[in-house]
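Residues per chain are reported as follows:
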Amino acid sequence: MTRRRVYLAVDLIHLRALVASGRFDPAGVPVFAVTSAVRLAEPTQDEQEGEYDAFVLASRAGAACVASTVMGAAGSRNSGLGRVVVVSADLPTPAVRDAIATGVLARYPGNEVAEGSPGRLRHDLTGYEVAVGGFVNLADVVAIHLADPASDPDEELAWYDVSELSDVLTQLGG
């Protein structure tokens, strides 16, 4: 079965679920990947460049969620985390759908247009957004990326192998 690399901006609850049950439900999680729309818009783009762009968008989505938590926004996902965490996973291709093609676009802090257009999403994010059907299993996870607590959202995140998940949780106080 073919697999597709996705980048998920997760929180402490998702990481704990990975340890406890070996999987988590990605419902409501910002998820990014190289999509058909991206390939059409950027036909000369190298696959690795597209993957990096998807990763950066997941990191920025995570930073927006963390910022909203720090500011006390209602319904923010990243409560208790205070740091950006991105999970890279290779999921079965049938489980990943281009969000723009299905009309299933996640809403989270940072991807809604603020000025005078409630409910409209930022177009610079939607080309990479995907929807995931089913769970993300520990066996699907290839890496965990963690921001330094004092880092700028655009700085590189530290890379951890999936075997270091317990160490990541310890760093996060979870």
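For the structure given in this document, a descriptive report is provided here. (Residues numbered from 1 in each chain as written. Predicted model: local features only at pLDDT ≥ 70, side-chain atom pairs only at ≥ 80, totals over all residues. Heavy atoms only, no water.)

## Re the environment of Arg 5
Mapped onto the fold, Arg 5 is located in strand β1 (residues 3-10). Spatially, the C-alpha atoms of Arg 5 and Ser 88 are 6.9 Å apart, while their sequence positions differ by 83 residues. Discounting chain neighbours no more than four positions away, the residues touching Arg 5 are Ala 33, Glu 51, Ser 88, Ala 89, Asp 90 and Val 142. Side-chain polar atoms of Arg 5 contact the side chain of Asp 90, separated by 2.4 Å. (Helix = DSSP H or I, 4+ residues; strand = E, 2+ residues; numbered from the N terminus. Contact = heavy atoms within 4.5 Å. Polar contact = N/O pair within 3.5 Å; in protein donor to acceptor, adjacent residues only side chain to side chain.)

## Quick look at the sheet that holds β1
Read from one edge of the open sheet, five strands run β3-β1-β4-β8-β9, paired in antiparallel fashion. This sheet does not close on itself; its edge strands, each paired only once, are β3 (31-32) and β9 (158-161). In the sheet, β1 pairs with strand β4 (residues 85-92) via eight bridges, with the strands oriented antiparallel. Looking across to β4, one finds that Ala 9 is bridged to Val 86. (Pairing = 2+ DSSP bridges.)

## Side note on the pairing of strand β8 (residues 141-146)
By the criterion of burial, β8 is predominantly enclosed, with five of the six residues buried. Examined bridge by bridge, β4 and β8 share five bridges and lie antiparallel to one another. Across the sheet, Ala 89 pairs through a bridge with Val 141, a residue of β8. Relative to β9, β8 is paired through four bridges, and the arrangement is antiparallel. (Buried < 20%, exposed > 50% of the residue type's maximum accessible area, 1.4 Å probe, protein only.)

## A closer look at the nonpolar core
With 26 residues, the main nonpolar core has Val 6, Leu 8, Val 10 and Leu 15 as its most contacted residues. Counting only elements with at least two residues in this core, the list comes to β1, α1 (12-21), β4, β6 (130-132), β8 and α6 (165-171). Element by element, the count of residues in this core is highest for β4, at four residues. Not counting residues up to four positions away in its chain, the partners in contact with Val 6 are Val 31, Phe 32, Ala 33, Val 87, Ser 88, Ala 89, Leu 91, Val 96 and Val 130. Formed by 17 residues, the second largest nonpolar core is a distinct cluster that contains Leu 57, Ala 61, Tyr 128 and Ala 147. (Core = buried A, V, L, I, M, F, W, Y, C linked by side-chain atoms within 4.5 Å.)

## Digging into the pattern of salt bridges
Two side chains that carry opposite charge are able to pair once their charged atoms sit near each other. For the structure shown, the criterion picks out four salt bridges. The partner of Asp 140 in a salt bridge is Arg 3, with the nearest N and O atoms 2.4 Å apart. Here Asp 140 is found in the loop between β7 (136-137) and β8, whereas its partner Arg 3 is found in strand β1, with 137 residues between them in sequence. With relative accessibility at 7%, the residue Asp 140 sits in the buried group. Put simply, Arg 39 and Glu 47 hold a salt bridge, and the shortest N to O gap is 3.3 Å. (Salt bridge = Lys/Arg side-chain N within 4 Å of Asp/Glu carboxyl O.)

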